[in-house]
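Spelled out, the chains give:
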Amino acid sequence: MAQQLNERQFKSRFQKQVISYLLDKYERSQAFKSGQPTGQRPQFALKDSPFWSDYSDEMDFRKRDWMNEVLAALAQQGVVSLKWERFREGELLAKVYLEWDALMDAYHLAGREPKQVKLERLREILRPLAVHPWDWVRRFWQEAEEKLALRQSAGLALDDPGGYTDLVRVLQALPKLEETGRPKRLFSQELFHDSKHFERHVQKRLVSLLRAYGKQEMETEEEYLDSVGLVENPRHVWLSGALVLEIGGQRVETEGFAGGVGLSAVSIREMKVVGINVRRIVTIENLTSFHQWVQKRAGRSELVLYTGGFPHRTLQLFLQKLADFFAQQSLAIPVGHWGDVDLGGIRIFQFLKSRFFPHLQPILMDVPTLEACRERAVQADEKYVEKAKIMREEPQFAEWREVLDWIAQHRLRLEQESIVAIPEDV
């Protein structure tokens, strides 16, 4: 009885394996891509297949008999055709062919869904993105649609339709978020009735899309999520200096807060800039360097802003209101930025310059600073060096070519915190 059970198990498993093996070959073939049968059927030679070790097992001759019986039965059903070794008919198989007319029967026997069905289902799931208000989302949809229509998987997980359904729901909801962002767990609770569903099942795929199609290259997942309005928690803007605001009909002055002050996202949304009493504005990438600058230059007539790496949405709203005030008042206050002297720091500088401050000037982000601090610089790997060389050739980074050349040549990059003493004349 045990022997009969083992035989049934072996035969059942082998039937599914051999049919799936043929279907895999079919789904990778030109016939599948074109949707039309070709002169060459999906096939394999036993000696070149993963089944040969069982078929040629001299310690258990029953395996070959069982495999022959399974394949003979499939041939009788018209699912496959068989080619036997010469003079070994019914004993030693040479090749197995999948019959075109029996494709649907093969899928049924393998207990597997046709790839074309998966492709069409995914096309239908993604179709709402064709009219998405964001161009990078439409670009993703267009590329995916073109490849799926050609029966190509486009690098998408065809066996995860639920995951893409969730992704589409998220993408459709993002443009409706408030301009300062939404905590991602509240967003997840509202959309999926589960505060951790987004983080567990959608976040990784969304960040991958942003890396591939987003307008800005960023350093961290948090920065990519913030760029589309999802935050861990509401963000603050940290500043030090004399700024005059109007919030809820009240006049608020930030001068006199030793070490700086933080403004909440709610305050940023409601505020209006009504005055600025400084000679210079300085944006600073890292928090340690922000505090270092504020303490070192206490009493200077400066408005100092902490960017927190790539400027988050709350800070961007603040900077836009500040820039609008500049334009309305025709102010010509110098603006400088101090950041890491590396690829991320350069991208942050260019973003601030292109979006808010056309006359932005770098502070301590030049070759003399690199030379002076090279002993405290961080080693750059080959991939990083190649990125530096690519950036050097891009027009928007033309003013950084000398710095990028230095980074590539010396294979070093400098973090702000490595500058332990801020010069008096910066």
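Residues numbered from 1 in each chain as written. Predicted model: local features only at pLDDT ≥ 70, side-chain atom pairs only at ≥ 80, totals over all residues. Heavy atoms only, no water.

K.L.:
Looking at this structure, how should I read the packing of helix H6 (residues 115-126) against helix H7 (residues 135-149)?
P.N.:
Describing two packed helices takes the angle between their axes plus the distance from one axis to the other. Where H6 contacts H7, the two axes come as close as 10 Å, and the packing angle between them is 160 degrees. Taken together, H6 and H7 sit at an angle that is classed as roughly antiparallel. Handedness of the H6/H7 crossing: left-handed. Packed against H6, whose contacting residues are Leu119, Leu122, Arg123 and Leu126, the element H7 presents Phe140, Trp141, Ala144, Glu145, Leu148 and Ala149 at the interface. (Axes fitted to C-alpha atoms, helices over the stretch in contact; angles between N-to-C directions. Helix = DSSP H or I, 4+ residues; strand = E, 2+ residues; numbered from the N terminus. Parallel < 35°, antiparallel > 145°, perpendicular 65-115°, else oblique. Left-handed = near helix turned anticlockwise from the far one by under 90°. Contact = heavy atoms within 4.5 Å.)

K.L.:
Help me understand the sheet that holds strand E7 (residues 243-247), please; the structure alone is not making it clear to me.
P.N.:
Sheets are built from strands paired through backbone hydrogen bonds, the pairs being either parallel or antiparallel. Spatially, E8-E7-E10 is the arrangement adopted by the three strands of the open sheet, whose pairing is antiparallel. Edge strands, defined here as strands with exactly one partner in the open sheet, are strand E8 (250-253) and strand E10 (272-276). Geometrically, the sheet is characterised by an average inter-axis angle of 25 degrees between neighbouring strands, direction not taken into account. Sheet strands in contact with helix H15 (residues 313-329) are E7 and E10, and its direction is about 55 degrees off that of E10. (Pairing = 2+ DSSP bridges.)

K.L.:
Explain the packing of aromatic side chains to me, please; I cannot follow it from the model alone.
P.N.:
In this description, an aromatic ring pair is defined by two values, namely the gap between the centres and the angle between the planes. Under the defined criterion, the tally for this structure stands at 18 aromatic pairs. Measuring from ring centre to ring centre gives 5.1 Å for Tyr21 and Phe44, while their planes differ by 75 degrees; the resulting arrangement is edge-to-face. In this pair, Tyr21 sits in helix H1 (residues 2-27) while Phe44 sits in strand E1 (residues 43-45), placing the two residues 23 residues apart along the sequence. Taking relative accessible area as the criterion, Phe44 reaches 4% and is therefore assigned buried. Taking 5.7 Å as the distance between ring centres and 50 degrees as the angle between the ring planes, the aromatic pair formed by Phe44 and Phe51 counts as tilted. Of the two residues examined, Phe44 and Phe51, each falls in the buried class. Site record: aromatic cluster; members linked through ring pairs are Phe310, Phe326, Phe351, Phe356 and Phe357. Directly above the aromatic system of Phe32 lies the positively charged group of Arg151, at a separation of 5.2 Å from the ring centroid. (Phe/Tyr/Trp six-rings, centres within 6.5 Å; stacked < 30°, edge-to-face > 60°. Buried < 20%, exposed > 50% of the residue type's maximum accessible area, 1.4 Å probe, protein only. Lys NZ or Arg CZ within 6 Å of the ring centre and 35° of its normal.)

K.L.:
Would you mind going over the pattern of salt bridges with me for this structure?
P.N.:
For the structure shown, the criterion picks out 37 salt bridges. A salt bridge links Lys184 to Glu199, with the nearest nitrogen and oxygen atoms 3.9 Å apart. With Lys184 in helix H9 (residues 184-192) and Glu199 in helix H10 (residues 197-201), this residue pair connects regions lying 15 residues apart in the sequence. Residue class for Lys184 comes out buried when judged on its relative accessible area of 6%. Here Glu199 falls in the partly exposed class, since its relative accessible area comes to 31%. Within this structure, Lys184, Arg185, Glu199 and Glu232 form a network of salt bridges that share partners. (Salt bridge = Lys/Arg side-chain N within 4 Å of Asp/Glu carboxyl O.)

K.L.:
How should I be thinking about the environment of Asp159 in this particular structure?
P.N.:
The residue Asp159 is located in the loop between H7 and helix H8 (161-173) in this model. By relative accessible area, which is 63% here, Asp159 ends up exposed. In this structure, the C-alpha to C-alpha distance between Asp159 and Leu404, residues 245 residues apart in sequence, is 43 Å. In terms of polar contacts, Asp159 uses its side chain to reach the side chain of Lys118, at 2.6 Å. (Polar contact = N/O pair within 3.5 Å; in protein donor to acceptor, adjacent residues only side chain to side chain.)

K.L.:
Teacher, can you tell me more about the side chain of Asn286 here?
P.N.:
For Asn286, the location among the structural elements is in the loop between strand E11 (280-284) and helix H14 (287-296). The residues contacting Asn286, other than those within four sequence positions of it, are Tyr306, Asp340, Gln416 and Glu417.

K.L.:
Sorry, what's going on with the nonpolar core here?
P.N.:
Looking at soluble globular proteins, one finds that nonpolar side chains tend to be buried together. Ranked by size, the top nonpolar core spans 134 residues in total, and within it Leu126, Leu206, Ile276, Ile281, Phe318 and Leu322 carry the most contacts. Contact partners of Leu126, with chain neighbours within four places excluded, come to Phe140, Trp141, Ala144, Leu148, Leu156, Tyr164 and Val168. (Core = buried A, V, L, I, M, F, W, Y, C linked by side-chain atoms within 4.5 Å.)

K.L.:
Help me out: how do you make sense of the packing of H8 against H9 in this one?
P.N.:
Where H8 meets H9, the closest approach of the two axes is 11 Å, and the angle between their N-to-C directions is 115 degrees. Judged on the interaxial angle alone, H9 and H8 are roughly perpendicular. Between H8 and H9 the crossing geometry is right-handed. Only Phe187, Leu191 and Phe192 of H9 make contact with H8, whose side of the interface consists of Asp166, Arg169, Val170 and Ala173. Counted by class, the contact of H8 with H9 contains five nonpolar, no polar and two charged residues. (Nonpolar A, V, L, I, M, F, W, Y, C, P; charged D, E, K, R; others polar.)

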